[in-house]
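Chains, contacts and geometry: an overview
Given next are the chains, with one letter for each unit.
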Amino acid sequence: MNKFKKIDFGEEFHWGVSAAAFQTEGACYKDGKGQSIWDEFTTRKGKILNGETALTACDFYHRYQEDIDIVKQLNIPNFRFSISWTRILPEGTGEVNQAGIDYYNKVIDYCLQQGVEPWLTLYHWDLPYALELKGGWTNREVVNWFGEFVNICADSFGDRVKYWMVMNEPSVFTGAGYFLGIHAPGRTGLKNFIPAIHHAVLAMATGGRILKQKLLDAEIGTTFSCSHIEPHTQRHKDIAAAKRADALINRLFIEPILGLGYPDNVPALKKIKNYFQAGDEEAIKFDFDFIGLQNYTREIVQYSFFTPYIGARLVKAKDRNVPLTDMGWEVHPPSIYYIIKKYSAYSNIKKILITENGAAFPDKIEQNEVDDPKRLAYIHDMLEQVLKAKNEGCNVQGYFVWTLTDNFEWAEGYHPRFGLVHVDFDTLKRTIKNSGHWYRELLGEQ
Ligand code: NOJ
């Protein structure tokens, strides 16, 4: 029995589901598409669990109609997906691949025909490999390369697409991709991480400005990953460590965009000033129409002498005797409430949307059915917390489940299943899970 109704969230609330190009499309080299850093990274030994690739993924490239039909069937009014940069610009810059533009036009038009509103993300981690060879996010030129891509997308799709998100989770693609090396392009160290941060912020603000200038009626946002953070104990050292982790995990990208500059309590971040050029203080700001928050869990942080640069470590959820998802993340619904409260405290965020939230659990098909009570409860309990924040006056205006179909979960491959819809990766057959049916009933309420 649900503890809320759809209408409790208000008439204007945006209900949706999110996905991303590289995780779903497959067809990695089809119709002129160029290679992205993820196409390349997935060929490297030992980088992806079980050596899996996304060459076919969910085959959304060919099955987009079937999947958009499912979105409609589930009564989901908004579908967020991303544009693959290398379908549009195979080398990242220069020659445009018309077949790529035609493809996304078909996807957008099909959404609109079905009464599903398309929400576009412009950068969901799949940088053109040709640009990575020139330094990728560490090369300041990336701001111009990205601007070129944003311009083409605005010109090609802006007549029909109202909702735009410039970037997806910059802290993850810079942190995992340029510091830890566990995501594409697999680079490590501060010398890569620090410039990548600054260039990602500049590109995000630049992308926002381009869209704003070209698309007068569009709503322009960007999305951030965020986790509610608590210190392991009330000892001074743990509290200070939690603050440093909070700066890296939650504040690093939103604060420069809001005009507050980079957080100054993490010594390693001070080097970012070395990458500033004249005018950057202004250039890193942009007034987005909405901020997309993507929250899955909370983190407990402990002081650690042995962790370089940050002096803090996460106390793993599996060592804390708490309920876990298949990602090893703690199930902790109040996190999303605290996160909404935290970001609502920034005076110049106009509007918050939850652009991703969801959970991976092991699912089994039995007699053509997937019973997934844990996912259903997770989404229900998270929504209850979103509503609590909203009722306390936070301007939270949307909720998008991650994700529509089970898909390629980056370095984890196909093992974690996040979908409302099960995919059999041998046959590509789709089966709506019980959580999907539950969401359909919730959104079908009049
Ligand atoms: C964040 C990312 O945007 C998405 O690509 C990923 O699959 C989910 N979180 C789950 O990890």
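Before going into details, it helps to say that this report is about the structure given with it. Please read all numbers here as calculations on a predicted model, not as lab measurements.

**Side note on the nonpolar core**
- Counting 136 residues, the largest nonpolar core has Phe79, Trp137, Phe157 and Tyr399 as the members making the most contacts within it.
- The greatest single-element share of this core, amounting to 13 residues, is contributed by helix α9 (residues 190-214).
- Among all residues touching Phe157, those that are not within four sequence positions of it are Ile83, Ile88, Ile101, Tyr104, Asn105, Ile108, Leu120 and Trp164.
- Formed by seven residues, the second largest nonpolar core is a distinct cluster that contains Ile229, Ala241, Ala242 and Val301.

**Considerations on the packing of aromatic side chains**
- Tallied over the full model, the rule gives 43 aromatic pairs.
- With a centroid separation of 4.6 Å and an interplanar angle of 40°, the aromatic rings of Trp125 and Trp410 are classed as tilted. Taken together, the residues span a long stretch of sequence, with Trp125 in the loop between β3 (117-123) and α6 (129-132) and Trp410 in the loop between β13 (396-402) and β14 (421-423) at a distance of 285 residues. Neither Trp125 nor Trp410 differs from the other in exposure class; each is buried.
- Stacked on the ring of Tyr103, the Lys or Arg Arg87 has its end atom at 5.7 Å from the ring centre.

**Structural notes on the pattern of salt bridges**
- Under the counting rule described, the total for this entry stands at 30 salt bridges.
- Among the salt bridges present, the one from Glu282 reaches Lys285, with a minimum N-O distance of 2.8 Å.
- Judged by relative accessible area, which is 32%, Lys285 ranks as partly exposed.
- As a salt-bridge pair, Asp287 and Lys350 come within 3.3 Å of each other at their nearest N and O atoms. Separated by 63 residues along the polypeptide, Asp287 in the loop between α12 (280-283) and β7 (290-294) and Lys350 in the loop between α13 (334-344) and β10 (352-356) bring together distant segments of the chain.
- Note on Asp287: relative accessible area 45%, which makes it partly exposed.
- By relative accessible area, Lys350 is classed as partly exposed at 41%.
- If you follow the salt bridges from partner to partner, you end up with Asp363, Asp372, Arg375, Asp406, Arg417 and Lys433 in one network.

**Notes on the sheet that holds strand β1 (residues 14-18)**
- Taken in spatial order, the eight strands of this closed barrel run β1-β2-β3-β4-β5-β7-β10-β13, and their pairing is parallel. The sheet shows a mean angle of 25° between the axes of neighbouring strands, direction not considered.
- Inspection of the sheet shows strand β4 (residues 163-168) paired to strand β5 (residues 219-225) by four bridges, in the parallel sense. Paired with Met165 across the two strands is Gly221, which belongs to β5.
- Of the strands in this sheet, β5, β7, β10 and β13 touch α13, which is tilted by about 140° from β10.

**Thoughts on unusual backbone geometry**
- Along the chain, Ala184 connects to Pro185 via a cis peptide bond; the corresponding omega equals 0°.
- With omega at 20°, the peptide bond leading from Trp402 into Thr403 counts as cis.
- Topologically, Thr403 is positioned in the loop between β13 and β14.
- Even without being glycine, Asn50 reaches a positive phi, approximately 60°.
- Residue position: Asn50 is located in the loop between α2 (37-41) and α3 (60-73).
- In this structure, Leu428 is a non-glycine residue whose phi angle is positive, near 65°.
- Along the chain, Leu428 turns up in the loop between β14 and β15 (430-432).
- The exposure class of Leu428 is buried, given its relative accessible area of 9%.

**With respect to the sheet that holds strand β6 (residues 228-231)**
- If you trace the three strands from one edge of the open sheet to the other, you get β6-β8-β9, paired in mixed fashion. At either end of the open sheet lies a strand with only one pairing partner, and these are β6 and β9 (312-314). Neighbour-to-neighbour, the strand axes of this sheet turn through a mean angle of 35°, independent of strand direction.
- Across the sheet, helix α10 (residues 236-251) is in contact with β6, β8 (298-303) and β9; its angle to β8 comes to roughly 130°.

**Observations regarding the side chain of Ser156**
- For Ser156, the position within the fold is in helix α7 (residues 142-157).
- A distance of 2.7 Å separates a polar side-chain atom of Ser156 from the backbone oxygen of Ile152.
- In this view, Ser156 contacts Ile101 and Asn105; residues no more than four positions away in its chain are not counted.

**Focus on the site of the ligand**
- Residues in close proximity to the ligand total 13 residues, the closest being Gln23, His124, Asn168, Glu356 and Glu409.
- Side-chain polar atom of Tyr296 to a nitrogen atom of the ligand: 3.3 Å apart, as the coordinates give it.
- In the environment of the ligand, an oxygen atom lies 2.6 Å from a nitrogen or oxygen atom belonging to the side chain of Glu409.
- Expressed as a share of its isolated accessible area of 300 Å², the protein-covered part of the ligand is 96%.
- Among the residues forming the shell around the ligand, the class breakdown is six nonpolar, four polar and three charged.

**A few points about the packing of helix α5 (residues 98-113) against α7**
- Orientation of α5 relative to α7, taken along the N-to-C sense of each, is 50°, at an axis distance of 11 Å. When the axes of α5 and α7 are compared, the pair comes out oblique. Two packed elements cross with a definite hand, and for α5 against α7 that hand is right-handed. Contacts from Ile101, Tyr104, Asn105 and Ile108 of α5 reach α7 at Ile152, Ser156 and Phe157.
- Taken together, the residues of the contact of α5 with α7 break down into five nonpolar, two polar and no charged.

**Structural notes on the packing of α3 against α5**
- The geometry of α3 relative to α5 is characterised by a closest axis approach of 10 Å and an angle of 10° between their N-to-C directions. As the angle between them shows, α3 and α5 are arranged roughly parallel. When α3 is examined against α5, the residues Phe60, Tyr61, Tyr64, Gln65, Ile68 and Asp69 are found in contact with a partner set consisting of Tyr103, Lys106, Val107, Tyr110 and Cys111.
- Its residues assigned to classes, the contact of α3 with α5 shows eight nonpolar, one polar and two charged.

Basis of the calculations
- Residues numbered from 1 in each chain as written.
- Predicted model: local features only at pLDDT ≥ 70, side-chain atom pairs only at ≥ 80, totals over all residues.
- Heavy atoms only, no water.
- Core = buried A, V, L, I, M, F, W, Y, C linked by side-chain atoms within 4.5 Å.
- Buried < 20%, exposed > 50% of the residue type's maximum accessible area, 1.4 Å probe, protein only.
- Helix = DSSP H or I, 4+ residues; strand = E, 2+ residues; numbered from the N terminus.
- Contact = heavy atoms within 4.5 Å.
- Phe/Tyr/Trp six-rings, centres within 6.5 Å; stacked < 30°, edge-to-face > 60°.
- Lys NZ or Arg CZ within 6 Å of the ring centre and 35° of its normal.
- Salt bridge = Lys/Arg side-chain N within 4 Å of Asp/Glu carboxyl O.
- Pairing = 2+ DSSP bridges.
- Axes fitted to C-alpha atoms, helices over the stretch in contact; angles between N-to-C directions.
- Polar contact = N/O pair within 3.5 Å; in protein donor to acceptor, adjacent residues only side chain to side chain.
- Near = heavy atom within 4 Å.
- Areas by Shrake-Rupley, 256 points an atom, 1.4 Å probe, with all protein chains shown as cover.
- Nonpolar A, V, L, I, M, F, W, Y, C, P; charged D, E, K, R; others polar.
- Parallel < 35°, antiparallel > 145°, perpendicular 65-115°, else oblique.
- Left-handed = near helix turned anticlockwise from the far one by under 90°.

None of the figures reported here should be taken as evidence of function without further support.
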